[in-house]
Amino acid sequence: MQSAGFLGTRASFMIDLVSVAMIGVVVLLGLSIALVRYWKCYALHKRIQLALAIALLLLVALFEAEMRIVGWRFRAESSPFYETLVMPVLAVHIAFAASTVALWAKVIVSALLKFEHGPVPGLHSANHRFWGRLAALDMLCTAVSGWTFYWLAFVA
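The rules behind the values
Residues numbered from 1 in each chain as written. Predicted model: local features only at pLDDT ≥ 70, side-chain atom pairs only at ≥ 80, totals over all residues. Heavy atoms only, no water. Helix = DSSP H or I, 4+ residues; strand = E, 2+ residues; numbered from the N terminus. Patch = residues over 30% accessible without salt bridge, like charges linked within 9 Å, V, L, I, M, F, W, Y side chains within 5 Å. Areas by Shrake-Rupley, 256 points an atom, 1.4 Å probe, with all protein chains shown as cover. Salt bridge = Lys/Arg side-chain N within 4 Å of Asp/Glu carboxyl O. Core = buried A, V, L, I, M, F, W, Y, C linked by side-chain atoms within 4.5 Å. Buried < 20%, exposed > 50% of the residue type's maximum accessible area, 1.4 Å probe, protein only. Contact = heavy atoms within 4.5 Å. Expected span 1.5 Å × (residues − 1).

**Q** Looking at this model, I keep getting lost on unusual backbone geometry. Mind explaining?
**A** Negative phi characterises most residues that are not glycine, and trans characterises most peptide bonds. In the Ramachandran plot, Lys40 falls in the positive-phi region, its phi being about 55° despite a non-glycine side chain. Mapped onto the elements of the fold, Lys40 is located in the loop between α1 (13-38) and α2 (42-69).

Here's what the structure looks like:
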C-alpha cells in the first residue's frame, strides 16, 4: 500500500502530522513550564498555553474528522501487533487523551477566571500548580501512548 503520510510508514498524512506535532507540544509545554518556574515569565506562559490549546483543539478536530470519514484500521491491519497490542494500547491512549482534555480545560478555564489581576502569582497559584502539573504529566502520557500506538499500528 502506498503511504499517504510523509514519514514513510503506513500512516496517513494526518496521523503523521499529529505524531510529529506531539513532539512540538511536549517541547513547548516543557518550555512553558520552565518559563514560569525558573524565569517568572507568567504572561508568556499564558500565551503559550492558550496557543497550544487552540492549536491542539483544531488539529485534533481535523484528525478526528479524518478518523471518522476515512478510518485507520485498513492501514494497521498488516501490523504483526494488530490482533494483540494495537487495540489495548489505543484504549490506554484514548483514556489519557480524554483525561488530558478535561484536565487542561479545567486548568485553563480556572486560570482565566481566578487569576483576577492577569498572569501573576495569587491565591489560585497553588491550585493551578497542582492541576497544571497533573495536566502536563497527563499530556506526556498521551504523547508517549500515542507514539507507542503509532509504532505498533503503522511502523511495525
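On we go from here.
**Q** Mind showing me how you'd approach a nonpolar patch on the surface here?
**A** A cluster of nonpolar side chains, contributed by Phe6, Leu7, Phe13 and Val20, occupies part of the molecular surface with about 350 Å² of accessible area. Along the chain, the position of Phe13 falls in helix α1.

**Q** Sorry, what's going on with the nonpolar core here?
**A** A general feature of soluble globular proteins is that nonpolar side chains tend to end up buried together. Core analysis: the biggest nonpolar cluster contains 30 residues, and Ile15, Met22, Trp72, Val86, Met139, Phe149 and Phe154 have the highest contact counts within it. Elements represented by at least two residues in this core include exactly α1, α2, α4 (86-114) and α5 (125-155). A per-element tally of this core places α5 first, with 8 residues. With residues up to four places along the chain from it excluded, the contact list for Phe154 reads Thr9, Arg10, Ala11, Ile15, Trp72, Arg75, Ala76 and Phe149.

**Q** What exactly am I supposed to notice about α2 here?
**A** One turn of an α-helix holds 3.6 residues; hence residues three or four places apart share an orientation. Taking 1.5 Å of rise per residue, 28 residues should cover 40 Å, and α2 covers 40 Å from first to last C-alpha, within 8% of that figure. Restricting attention to buried positions, one finds in α2 the residues His45, Ile48, Gln49, Leu52, Leu56, Leu59, Phe63, Glu66 and Met67. Against the buried residues of α2 lie α1, α4 and α5. One or two positions beyond α2, positive phi appears at Gly71, with a value near 90°.

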